[in-house]
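Structure assessment
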Amino acid sequence: PIRIAALASGRGSNLQAILDAIAAGTLDAQVVGVFSDNPDAPALLRVPEALRWARTPKSYGSRAAFDAALGDAIATAAPDWIVCAGYMRILGPDFVQRFQGRLLNIHPALLPKYKGLHTHQRALDAGDSEHGASVHFVTAELDGGPVIAQARVPVLPGDDADRLAARVLAVEHPLLVGVLRLAAAGRLAERDGRAWVDGQPLFTPL
Ligand code: GAR
């Protein structure tokens, strides 16, 4: 089984989807740690205490210092893949470089649209008829790394940001697990700024 480290800042439903797939035998993996910038994150409670690491960034002198401590803790867990599953803090370039090629993020938008925050409200404000989520390799550019897979949902009459977020979240879970299945099968790689599956480069929208 591949060793997965998860980074999470909040609720952790994506982490739970990973744990459920492992328990169901549909993902050949092991979660070796959950790492958080929020000691109160409910996500932490989804794994045994021994697998939890949480620190408050404010108690570190700089982003680089926090990232270094986070990176050291992750390295100690010796993961094959590191997954940002609702991790809401920007990762600095040193951290990204340290884990590049095995660092994934799930983002609640159809990238390259709506990088950053408030993606659901922005999709509504733009009058989009479609919205969704993307899993991508993390690079130093925020939400700008090569996309591996996306899932789409319709925007429906009467939607507000919460209703739309719930519809997107429901497709995030199988999307993230599906990408991790590719990783577990040794079929996923990042090279030359692109995502590759089965040795074929995937199209990445500019
Ligand atoms: C998910 O919608 C995820 O895509 C998003 O936060 C939510 C976390 O939910 N991530 C980001 O916005 C990253 N910038 P969860 O804690 O229940 O998995």
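I will try to describe carefully the structure that is included in this document. Note that this is a predicted model, so its numbers are computed, not measured. (Residues numbered from 1 in each chain as written. Predicted model: local features only at pLDDT ≥ 70, side-chain atom pairs only at ≥ 80, totals over all residues. Heavy atoms only, no water.)

What to know about the overall build of the chain
Helices and strands together make up the secondary structure of the chain, namely 5 helices and 10 strands. Taking 206 residues into account, the globule formula puts the C-alpha radius of gyration at 17 Å, and the chain, at 16 Å, falls close to it. With the C-alpha coordinates aligned to their principal axes, the bounding extent of the chain is approximately 45 × 40 × 35 Å. Taken over 206 residues, the chain has a buried fraction of 48%. When contacts within the chain are restricted to residue pairs at least 6 apart in sequence, long-range pairs at least 24 apart make up 61% of them. Surface summary for the chain: the accessible area is close to 9700 Å², and the carbon and sulfur share equals 53%. Of note, the chain has its 20 positive side-chain charges centred 1 Å away from the centre of its 21 negative side-chain charges. (Helix = DSSP H or I, 4+ residues; strand = E, 2+ residues; numbered from the N terminus. Rg over C-alpha atoms; globule rule 2.2 N^0.38 Å. Buried < 20%, exposed > 50% of the residue type's maximum accessible area, 1.4 Å probe, protein only. Contact = heavy atoms within 4.5 Å. Areas by Shrake-Rupley, 256 points an atom, 1.4 Å probe, with all protein chains shown as cover. Lys, Arg positive; Asp, Glu negative; His and termini not counted. Charge placed at Lys NZ, Arg CZ, Asp CG, Glu CD.)

Looking at the site of the ligand
Looking at the ligand, the residues that line it are R11, G12, S13, N14, G86, Y87, M88, I106, P108, L169 and E172. G12 is positioned with one of its backbone polar atoms (N or O) 2.7 Å from an oxygen atom of the ligand. One of the side-chain N or O atoms of N14 is found 2.9 Å from an oxygen atom in the ligand. When the ligand is considered free in solution it has 440 Å² of accessible area, and contact with the protein chains removes 87% of it. Counting only elements with at least two residues in the shell around the ligand, the list comes to α1 (13–24) and α5 (161–184). Considering only residue class, the shell around the ligand consists of 5 nonpolar, 4 polar and 2 charged. (Near = heavy atom within 4 Å. Polar contact = N/O pair within 3.5 Å; in protein donor to acceptor, adjacent residues only side chain to side chain. Nonpolar A, V, L, I, M, F, W, Y, C, P; charged D, E, K, R; others polar.)

A look at the sheet that holds strand β10 (residues 200–201)
Strand order in the open sheet made by the 3 strands is β8-β9-β10, with antiparallel pairing throughout. Edge positions in the open sheet fall to β8 (188–191) and β10, since each of these has one partner strand only. One ladder, built from 2 bridges, connects strand β9 (residues 194–197) with β10; its direction is antiparallel. In the sheet register, V197 faces β10, and the bridge partner there is Q200. (Pairing = 2+ DSSP bridges.)

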